[in-house]
Amino acid sequence: MKVLIVGGGGREHAIAACVAKSPKADQIYCAPGNAGIAEYAVCVPIGAMEFDKLVAFAKEKEIDLVIVGMDDPLVAGLVDEMEAAGIRTFGPRKNAAILEGSKAFSKDLMKKYNIPTAGYENFTDPEAALAYLENASYPIVLKADGLALGKGVLICQDFEEAKEGVKTIMLDKKFGTAGNEMVIEEFMTGREVSVLSFVDGKTIKTMTSAQDHKRAGDGDTGLNTGGMGTFSPSPFYTKEVEAFCEQHIYQATVDAMAAEGREFKGVIFFGLMLTADGPKVLEYNARFGDPEAQVVLPRMKNDIIEVMEACIDGTLDQVDLQFEDNAAVCVVLASDGYPVSYEKGYEITGLEEFKKHDGYYCFHAGTKFDGDRIVTNGGRVLGITAKGKDLKEARANAYAATEWVQFENKYMRHDIGKAIDEA
Ligand code: AMP
Ligand code: GLY
């Protein structure tokens, strides 16, 4: 069959690598793709938000399955447009992708259906938000309602900082219309765990757990980024935690969406915090995590196309989802200066080394071809993933492999997976 993947980052590279392993995939296209994805797919220069062009391309090539990797096109309704054109598409429709697209919606959903999450209030009026913040207890968390590249969350230590935060989100509109509404949320502490799941509208099957490192610097210092590295599984995601989440969070979320007339098909990503009062939902995403996908998908034993088709057809209950009994670590190689300002266009060397070693992957996040050369083309450039028999071995392997590739201004964190030592 012919498959079209929409997106062009490390997550889509990990998806493409999985799709390429499926005996069902005869031809893979990716829009827009990148220099790494080009190993498996024909990359077509259409942006993920160019819906008319994407639909026309899918019709012209008679695509059998479209996989939407990114949040923006999901939230804006690409799945609906593809389906209207008669094209089978993996991912939630617009009315379900709101689970990620509006934090105010997801908080109200959790409250209505008793799904554990931080206490909160939603605000559309900055004056009302300020009045609330004056008497609040600190630290407190401000969240822009809409999509903000993972950057719309501000943790404020006192009223002064919160005042600044309201200005940033609601008045200066630093995150654009995402800041038309704002969630003010209780600050929680604990370990964070990411659990991705396949959902077919009724049935949910969770994948192996992972943990992301969002801050730019070692020791969780510096600015929030799209993610500087991940490991899987999380040793903090114990059987007890899993049992609690199964009872109170996972199926409850799928059922809540169905009860609201917003049947969810695709991937739900649960951002969890393991608090002293038990696991609580930090956030939902309506897609694979990036870079969580880079450690979860290489460990998946199933044929990804079969699982995705089961999600579309509502037959996920018949799928036995299985993961390898090992571990994986992904270290992101970024351009120095990310996430603020950085240079692009530097040649990347050493990529061929990955072809010589099993269990090692070099997922491209921000790269492109410049003639025959592959050059840096983004803040996050590569995700270096390695497997190992356990997390310690996977981490040692991943860091060894970061030395195989070179480019000017190469930057990485040195403590990805360090928390493993405390487990
Ligand atoms: P989100 O995009 O909602 O996952 O938020 C980004 C990051 O902000 C999370 O991964 C947490 O590290 C932090 N965060 C979000 N909400 C809270 C909260 N209520 N308490 C403490 N930290 C939070
Ligand atoms: N790694 C976090 C995300 O994909 O949103």
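Scroll up for the structure.
Residues numbered from 1 in each chain as written. Chains lettered and ligands numbered in written order. Predicted model: local features only at pLDDT ≥ 70, side-chain atom pairs only at ≥ 80, totals over all residues. Heavy atoms only, no water.

Colleague: Any chance you could break down the site of ligand 2 for me, citing the residues and the numbers?
Modeller: If you check the shell around ligand 2, you find Asp212, Gly226, Phe269, Asn285, Arg287, Gly289, Asp290, Pro291 and Glu292 and nothing else. Within the side chain of aspartate 212, one N or O atom sits 2.8 Å away from a nitrogen atom of ligand 2. Aspartate 290 is positioned such that a nitrogen or oxygen atom in its backbone is 2.9 Å from an oxygen atom of ligand 2. Isolated, ligand 2 exposes 200 Å² of accessible area, and the fraction of that covered by the protein chains is 89%. Split by residue class, the shell around ligand 2 holds two nonpolar, three polar and four charged. (Near = heavy atom within 4 Å. Polar contact = N/O pair within 3.5 Å; in protein donor to acceptor, adjacent residues only side chain to side chain. Areas by Shrake-Rupley, 256 points an atom, 1.4 Å probe, with all protein chains shown as cover. Nonpolar A, V, L, I, M, F, W, Y, C, P; charged D, E, K, R; others polar.)

Colleague: Explain the pairing of strand β14 (residues 229-232) residue by residue, including any values.
Modeller: Going residue by residue along β14, you find Gly229 and Phe231 tucked away on one face and Thr230 and Ser232 tucked away on the opposite face as well. With two bridges joining them, strand β11 (residues 204-212) and β14 adopt antiparallel strand pairing. Across the sheet, residue aspartate 212 finds its bridge partner in β14, namely threonine 230. With four bridges connecting them, β14 and strand β17 (residues 327-335) associate as antiparallel partners. Directly across from serine 232, in β17, lies its bridge partner alanine 328. (Buried < 20%, exposed > 50% of the residue type's maximum accessible area, 1.4 Å probe, protein only. Helix = DSSP H or I, 4+ residues; strand = E, 2+ residues; numbered from the N terminus. Pairing = 2+ DSSP bridges.)

Colleague: Tell me about the pattern of salt bridges, and name the residues and values.
Modeller: Counted according to the given criterion, the structure contains 26 salt bridges. Two residues, aspartate 313 and arginine 88, come together in a salt bridge whose shortest N-O distance is 3.0 Å. In this pair, aspartate 313 is assigned in helix α11 (residues 304-313) and arginine 88 in the loop between α4 (78-84) and β5 (89-90), connecting sequence segments 225 residues apart. Classification of arginine 88 by relative accessible area gives partly exposed; the value is 30%. Two residues, arginine 413 and aspartate 220, come together in a salt bridge whose shortest N-O distance is 3.1 Å. (Salt bridge = Lys/Arg side-chain N within 4 Å of Asp/Glu carboxyl O.)

Colleague: Could you give an account of unusual backbone geometry, with specific residues and numbers?
Modeller: Each neighbour pair has its own omega, and for serine 232 with proline 233 the value is 0°, a cis peptide bond. With respect to the helices and strands, proline 233 occurs in the loop between β14 and α9 (239-259). Of note, the amide linkage connecting aspartate 290 to proline 291 takes the cis form, showing an omega dihedral of 15°. Within the secondary structure, proline 291 sits in the loop between β16 (278-285) and α10 (293-296). Of note, glutamate 62 is a non-glycine position whose phi angle comes to about 50°, a positive value. Its place among the elements puts glutamate 62 in the loop between α2 (51-60) and β4 (65-68). Glutamate 62 gets classed as exposed once you look at its relative accessible area, which sits at 57%. Within the chain, asparagine 409 stands out as a residue other than glycine whose phi angle is a positive 65°. Within the secondary structure, asparagine 409 is located in the loop between α12 (391-402) and β22 (410-411). Its relative accessible area of 31% is what places asparagine 409 among the partly exposed residues.

Colleague: Outline the sheet that holds strand β6 (residues 120-123), listing residues and values.
Modeller: With respect to topology, four strands assemble into an open sheet ordered β6-β9-β7-β8, the strand pairing being antiparallel. Looking at the sheet topology across the chains shown, the edges are occupied by β6 and β8 (153-156). Each neighbouring strand pair of the sheet contributes to a mean axis angle of 20°, computed without reference to strand direction. Here five bridges tie strand β7 (residues 140-144) to strand β9 (residues 182-186), and the two strands are oriented antiparallel to one another. Looking at the pairing, lysine 143 lines up with valine 183 of β9. Most of the contacts of helix α6 (residues 103-112) go to β6, to which it runs at about 140°, and overall it touches β6, β7, β8 and β9. (Axes fitted to C-alpha atoms, helices over the stretch in contact; angles between N-to-C directions. Contact = heavy atoms within 4.5 Å.)

Colleague: Break down the layout of surface pockets for me, citing the residues and quoting the values.
Modeller: Empty space among the atoms becomes visible once a probe the size of a water molecule is rolled across them. Within this model, the second largest pocket holds a volume of roughly 540 Å³. Lining the second largest pocket are 24 residues, with His13, Glu39, Tyr40, Tyr361 and Cys362 sitting closest to its centre. Only α1 (10-21) and β18 (360-364) provide two or more residues apiece to the lining of the second largest pocket. Here the element with the most residues in the lining of the second largest pocket is α1; it accounts for six residues. Of the residues belonging to the lining of the second largest pocket, the class tally is 15 nonpolar, five polar and four charged. (1 Å grid on protein atoms, 1.4 Å probe; cavity = no way out; pocket = protein on both sides within 12 Å on 5 of 7 lines; lining within 4 Å. Points joined across faces, edges and corners; volume = space filled by probe spheres on them.)

Keep in mind these numbers describe shape, not what the thing actually does.
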